[in-house]
Structure formats: structure tokens, C-alpha cells
Amino acid sequence: MTMLQPVNDDRNTFAVARATDAYLIPGRIKETALEFGFDEKSAWEIEIAASELVDNVIRYAGTGTVAVERIHAPRSGLRLIVDDDGPGIENIDLALIDGFSQGVFTVHDGRRIRHSLGVGLGAVHRLMSAMTIVNKPEGGLRVTADKWLREDKPKP
Ligand SMILES: Nc1ncnc2c1ncn2[C@@H]1O[C@H](COP(=O)(O)OP(=O)(O)OP(=O)(O)O)[C@@H](O)[C@H]1O
Ligand SMILES: [Mg+2]
């Protein structure tokens with residue numbers, strides 16, 4: 001059984017609690033993006049961005065929430081709001097640079113094995129139209145990422 005019910009109606013908010021949420025929730029968000037009028041490619045880009053953000057919540061905070069809502073300003077589009085109560089990010093500017101993060105390592109037989117590339121937030125930045133990351137005063141991280149229905153110019 002899946003717990004993938006929005007926890008409120010006017011803004012679909014999904015609880016992130018387990019590893020399978022990293023693809024189940026983005027799948028639902030892609031459906032929402034298509035309902036909002038995004039084409040298949042843009043909806044897929046939103047799905048990938050959501051999966052990177054949910055993956056980070058699971059990996060670094062354990063649990064959190066993902067809200068998806070329609071926005072009308074500064075442009076029409078879709079907004080993802082991803083919240084957790086984890087440690088936050090000490091240097092947000094550095095965390096956005098691809099490859100800065102050392103990713104997650106485990107040690108086997110004295111060798112460090114790398115499990116991630118440190119490109120998740122950079123990918124979200126490129127796939128979405130606008131993005132903000134804040135350490136919440138009460139603790140934890142909030143990532144807000146918007147995608148506009150019409151970009152000024154196509155992204156590379
Ligand atoms: N929700 C979060 N809470 C705390 N720290 C975070 C969170 N999300 C990201 N970070 C920090 O920012 C760094 C960069 O995140 P990013 O998603 O870009 O890379 P990654 O998770 O290390 O690797 P990848 O996403 O490529 O598997 C992480 O290594 C982690 O230190
Ligand atoms: Mg990541």
C-alpha cells in the first residue's frame with residue numbers, strides 16, 4: 001500500500017518517508033505538470049528535478065514534504081516546495097556547484113566507495129526556471145524551484 005495521498009487539497013503536499021518516494025512522488029508531480037499544461041519534455045524535467053530533491057531529503061534529512069502548486073507570478077507555471085528538518089546546508093552557494101559535494105562515501109576494505117556525484121542541486125538549477133535554497137530559522141532546508149510554462153529562450 002502506498003501513502004501517496006496529498007495531505008491537503010489546495011496545494012498537493014506529499015510526505016517523504018521512504019526510499020520508494022524518490023520515484024513515486026516525482027511520478028505524481030509529472031502528472032500534475034501535464035495537467036498544468038506542460039509538454040512531455042518539460043514535465044519530465046520537472047520529474048527529474050523533483051526526484052533529485054526528494055532523494056536529498058531522504059539521504060540528508062530522512063523525512064520531509066514536497067508541495068506542488070500552480071503559480072501565476074512572476075510567471076505562470078509550477079512551483080515545487082521541498083521542506084525537511086535535517087541539518088540544512090552550511091554553504092549553499094558551494095553546494096550548487098556541480099562536483100563540489102564529495103557525495104556520499106562508504107568505506108569497504110579500506111577503500112572509499114563513492115555513491116553519489118554531487119550534481120543533484122546543479123541539475124535542479126538547470127532543469128527548472130528559478131530556484132532558491134534557504135536554511136529555515138527553525139532548522140532544516142527549504143528548496144523552492146519554479147518552472148515557467150513559457151521560457152524567454154530555450155535552455156541549452
Ligand atoms: N536536504 C538537504 N539537507 C542537507 N544537506 C543537503 C540537502 N540537500 C543537499 N544537501 C547537501 O548539498 C550537497 C549537494 O547536493 P547534491 O544533490 O547536489 O549532491 P549529492 O546529493 O551529494 O549527490 P547526487 O545528488 O549527485 O547524488 C550534498 O552533498 C549535501 O551535503
Ligand atoms: Mg543529491
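Residues numbered from 1 in each chain as written. Chains lettered and ligands numbered in written order. Predicted model: local features only at pLDDT ≥ 70, side-chain atom pairs only at ≥ 80, totals over all residues. Heavy atoms only, no water.

(A) Layout of the packing of aromatic side chains. Applying the stated criterion to the full structure yields 0 aromatic pairs. Against the face of Phe36 rests Arg70, its NZ or CZ located 4.2 Å from the ring centre. In this structure, Arg75 is placed above the aromatic ring of Trp148, and the distance from its NZ or CZ to the ring centre is 4.4 Å. (Phe/Tyr/Trp six-rings, centres within 6.5 Å; stacked < 30°, edge-to-face > 60°. Lys NZ or Arg CZ within 6 Å of the ring centre and 35° of its normal.)

(B) Representation of the sheet that holds strand S2 (residues 64-71) in the model. Read from one edge to the other, the open sheet built from 5 strands follows the order S1-S2-S3-S7-S6, with strand pairing classed as antiparallel. The strands lining the two open edges of the sheet, one partner per strand, are strand S1 (12-16) and strand S6 (130-135). Each strand of the sheet is rotated relative to its neighbour by a mean of 15°, with strand direction disregarded. Sheet analysis places S2 next to strand S3 (residues 77-84), joined by 8 bridges and oriented antiparallel. Counterpart to Ile71 in the pairing with S3 is Gly77. Sitting on the sheet, helix H1 (residues 21-35) touches S1, S2 and S3, and the angle it makes with S1 is about 170°. (Pairing = 2+ DSSP bridges. Helix = DSSP H or I, 4+ residues; strand = E, 2+ residues; numbered from the N terminus. Axes fitted to C-alpha atoms, helices over the stretch in contact; angles between N-to-C directions. Contact = heavy atoms within 4.5 Å.)

(C) Expanded view of the pattern of salt bridges. Counting across every chain of the model gives 8 salt bridges. As a salt-bridge pair, Lys30 and Glu40 come within 2.6 Å of each other at their nearest N and O atoms. Note that Lys30 is positioned in helix H1 and Glu40 in helix H2 (residues 40-61), a separation of 10 residues in sequence. Its salt-bridge partner being Asp83, residue Lys136 comes within 3.1 Å of it at the nearest N-O pair. Here Asp83 lies in strand S3 and Lys136 lies in the loop between S6 and strand S7 (141-148), a separation of 53 residues in the sequence. Accessibility classification places Lys136 together with Asp83 in one group, the buried group. Connected via shared salt-bridge partners are Asp83, Asp85, Lys136 and Arg142. (Salt bridge = Lys/Arg side-chain N within 4 Å of Asp/Glu carboxyl O. Buried < 20%, exposed > 50% of the residue type's maximum accessible area, 1.4 Å probe, protein only.)

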